Amino acid sequence: MNTAAAFADFRTYPLISALTAVHTLADRIQVTWADDRISPFHHQWLRDNCPCPQCVYTVTREQVLEIVDVAEHLMPENATVDAEGCLCVDWQDGHLSRFDPGWLRAHAYDDESRAERQAGKPKARLWHSDLQLPVFEYQALMENNDALLQWLLAVRDIGLTQVRGVPTEPGSLKLIAQRISFIRESNFGVLFNVQSKADADSNAYTAFNLPLHSDLPTRELQPGLQFLHCLVNDADGGESIFVDGFAIAQALRQEDPEAFQALCEIPVEFRNKDRHSDYRCLAPIIALDSFGQVSEIRMANFLRGPFDASVEQMPRLYRAYRRFIAMTREGRFRLMQRLNPGELWCFDNRRTLHARNAFDPATGARHFQGCYVDRDELLSRILVLQR
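- The name given to the protein in an unreviewed UniProt entry is Gamma-butyrobetaine dioxygenase, with Pseudomonas wuhanensis as the source organism.
- Checking UniProt for the protein, the heading Sequence similarities (unreviewed entry) contains the comment "Belongs to the gamma-BBH/TMLD family."

Next comes the structure, spelled out in structure tokens:
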């Protein structure tokens, strides 16, 4: 029999409750835990998740078994709890499976266990104009993984952070972004320079005010994280403005559910074109996840194409769109702060909308550098640091 249980996962699972009883039924094995919870596991599910070296490659921890290669109505010959507290299943075809109780409890799918897991998942901490901005020190993030983890958790849960003490040499941004993962390149480059220039290919490269927006809504997948690093900021104006798009969406859902529904259902086209590229994406302004929770805001009025909705939907879309834009201008949601040299913003670009007041380039230089890292890379780095 297998001597190691649940080696198939790089993570370890604490023993929340011991297995006390096992009952084999027609299509499932039912286990009882020491805290009296009862969890059923269908035979196919158990066979599909067997962690033995025949079913999972020990180096990559990736499954090699395909369930179609197992008899559909395979039954256990015997099911017991061994001396180490593991569930052992002896199958009719001679295969043996052994499941660690910590792993089994973590993946139990009875109603109580699933509700418990859902309640334990990280949730966005919505914020308004009175946000106590999370601030972190560059040197600590570069040298200490515990500090790094706390920063990344704040980016994940709050969606807006500031880092201070960053070197002001051009290119310094790369080092801290790569503490998370590789940088996502776009048509603006790996690092992009936010400066006013005569031949601007984006309103960001002018001295105009920029209304609240997400970057690259013209892409099928908007960048997850955006970094903006201040190298020089001597010009008058140019303050940064942020709102929590998830908080606005929640308020809209409560105050005007019809407008919220319209922005979830009716797609809008965003476009970005210059001499060498032409990006377009058709998607709703508010995206929901599989649980009906807001997962993404897609917004940049200066990159929006003409609305293309049915005759019946057009008034509904305009009413909802006007309401959303108006809410982003409400003082209750807006946080404004000037970024100084050696400071950077790191925020969730698919959640936190950002803006910039107009500035006067005649009063001094203003030079920011920016880059993107995908949200998947943030979540992966958090999980690795938490192991």
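What to know about the side chain of His213
So, step 1. For His213, the location among the structural elements is in strand E12 (residues 210-213).
So, step 2. Owing to a relative accessible area of 4%, His213 belongs among the buried residues under this scheme.
So, step 3. Only 3.2 Å separates the side chain of His213 from the side chain of Asp215, close enough to count as a polar contact.
So, step 4. In terms of polar contacts, His213 uses its side chain to reach the backbone carbonyl oxygen of His354, at 2.9 Å.
So, step 5. Every residue in contact with His213, bar those within four places of it in the chain, is listed here: Met299, Ala300, Phe302, Thr352, Leu353 and His354.

Quick word on the packing of aromatic side chains
So, step 1. The final tally for this structure, using the stated rule, is 11 aromatic pairs.
So, step 2. Judged by centre distance (5.8 Å) and plane angle (40 degrees), the rings of Trp45 and Trp103 are tilted. With Trp45 in helix H1 (residues 43-48) and Trp103 in helix H2 (residues 101-106), this pair connects stretches of sequence that are 58 residues apart.
So, step 3. Here the aromatic residues Phe41, Trp45, Phe99, Trp103 and Tyr109 are joined through ring pairs into a cluster of three or more.
So, step 4. A cation over an aromatic ring shows up here: Arg366 above the ring of Phe359, its NZ or CZ 4.9 Å from the ring centre.
So, step 5. Seen from the ring of Phe368, Arg366 lies directly overhead, with NZ or CZ sitting 4.1 Å from the centre.

A short note on helix H8 (residues 257-265)
Owing to its 3.6 residues per turn, the α-helix aligns residues three or four sequence positions apart on the same side.
So, step 1. If you check which residues of H8 are buried, you get Ala259, Phe260, Ala262, Leu263 and Cys264.
So, step 2. Next to the buried residues of H8 lie helix H7 (245-255), strand E18 (286-288), strand E19 (294-297) and helix H9 (313-328).

Remarks on the UniProt feature "domain: Gamma-butyrobetaine hydroxylase-like N-terminal" (unreviewed entry) in the protein
So, step 1. When the UniProt feature table is mapped to this numbering, "domain: Gamma-butyrobetaine hydroxylase-like N-terminal" (unreviewed entry) covers residues 23-104.
So, step 2. Segment residues 23-104 splits into 12% helix and 39% strand. End C-alpha atoms: 15 Å apart.

Focus: the sheet that holds strand E8 (residues 96-99)
Within a sheet, adjacent strands bond to each other through the backbone by hydrogen bonds, running parallel or antiparallel.
So, step 1. Strand order in this open sheet of 3 strands is E6-E7-E8, and the pairing throughout is antiparallel. Whereas interior strands pair on both sides, the edge strands pair on one side only; in this sheet they are strand E6 (76-81) and E8. Recorded for the sheet is a direction-independent mean angle of 15 degrees between the axes of neighbouring strands.
So, step 2. As judged from the 5 bridges shared by E6 and strand E7 (residues 87-91), these two strands associate in the antiparallel manner. Pairing of Pro76 across the sheet is with Trp91, part of E7.

Digging into the side chain of Gln222
So, step 1. Residue placement: Gln222 occurs in the loop between E12 and strand E13 (225-233).
So, step 2. At a separation of 2.8 Å, a polar atom in the side chain of Gln222 contacts the side chain of Glu296.
So, step 3. In this structure the side chain of Gln222 is engaged in a polar contact, spanning 3.1 Å, whose partner is the backbone oxygen of Ile297.
So, step 4. Leave out the neighbours within four places in its chain, and Gln222 touches Arg184, Ser214, Asp215, Leu216, Pro217, Glu296, Ile297, Arg298, Met299, Asn349, Arg350 and Asp374.

A few points about the nonpolar core
So, step 1. Formed by 32 residues in total, the largest nonpolar core has its most connected members in Leu252, Leu263, Ile285, Ile286, Ile297 and Phe324.
So, step 2. Breaking this core down by element, the ones donating at least two residues are strand E15 (240-244), H7, H8, strand E16 (268-273), E19, H9 and strand E22 (352-356).
So, step 3. Contacts of Leu263, omitting those with residues within four sequence positions, involve Leu252, Pro284, Ile285, Ile286, Leu317, Ala320, Tyr321 and Phe324.
So, step 4. One finds Tyr138, Leu148, Leu153 and Cys346 within the second-largest nonpolar core, a separate group that totals 27 residues.

A word on the environment of Ile158
So, step 1. Considering the arrangement of structural elements, one finds Ile158 in the loop between helix H5 (145-157) and strand E10 (160-164).
So, step 2. Measuring from C-alpha to C-alpha, the distance between Ile158 and Leu228 comes to 17 Å, with 70 residues separating the pair along the chain.
So, step 3. When near neighbours in sequence (up to four residues on either side) are disregarded, Ile158 contacts Arg125, Trp127, Leu131, Pro134 and Arg351.

Quick look at the pattern of salt bridges
So, step 1. The full count for this structure, using the stated rule, is 21 salt bridges.
So, step 2. Note that Asp244 is salt-bridged to Arg351, the shortest N-O span being 2.7 Å. Note that Asp244 is positioned in strand E15 and Arg351 in the loop between strand E21 (343-348) and E22, a separation of 107 residues in sequence.
So, step 3. You can call Asp244 buried: its relative accessible area is 0%.
So, step 4. Between Asp256 and Arg319 there is a salt bridge; the shortest N-O distance is 2.9 Å. You can see Asp256 sitting in the loop between H7 and H8 and its partner Arg319 sitting in helix H9, a full 63 residues away along the chain.
So, step 5. Judged by its relative accessible area of 9%, Asp256 falls in the buried class.

Side note on the packing of H8 against H9
So, step 1. Their axes nearest at 9 Å, the elements H8 and H9 cross at an angle of 105 degrees. Overall, the two elements H8 and H9 adopt an arrangement that is roughly perpendicular. For the pair H8 and H9, the contacting residues are Glu258, Ala259, Gln261, Ala262, Leu263 and Glu265 in the first and Arg316, Leu317, Arg319, Ala320, Tyr321 and Phe324 in the second.
So, step 2. For the contact of H8 with H9, the residue count by class is 7 nonpolar, 1 polar and 4 charged.

What counts, and at which threshold
- Residues numbered from 1 in each chain as written.
- Predicted model: local features only at pLDDT ≥ 70, side-chain atom pairs only at ≥ 80, totals over all residues.
- Heavy atoms only, no water.
- UniProt positions renumbered as here; feature names shortened; annotations may be inferred.
- Helix = DSSP H or I, 4+ residues; strand = E, 2+ residues; numbered from the N terminus.
- Buried < 20%, exposed > 50% of the residue type's maximum accessible area, 1.4 Å probe, protein only.
- Polar contact = N/O pair within 3.5 Å; in protein donor to acceptor, adjacent residues only side chain to side chain.
- Contact = heavy atoms within 4.5 Å.
- Phe/Tyr/Trp six-rings, centres within 6.5 Å; stacked < 30°, edge-to-face > 60°.
- Lys NZ or Arg CZ within 6 Å of the ring centre and 35° of its normal.
- Pairing = 2+ DSSP bridges.
- Axes fitted to C-alpha atoms, helices over the stretch in contact; angles between N-to-C directions.
- Core = buried A, V, L, I, M, F, W, Y, C linked by side-chain atoms within 4.5 Å.
- Salt bridge = Lys/Arg side-chain N within 4 Å of Asp/Glu carboxyl O.
- Parallel < 35°, antiparallel > 145°, perpendicular 65-115°, else oblique.
- Nonpolar A, V, L, I, M, F, W, Y, C, P; charged D, E, K, R; others polar.

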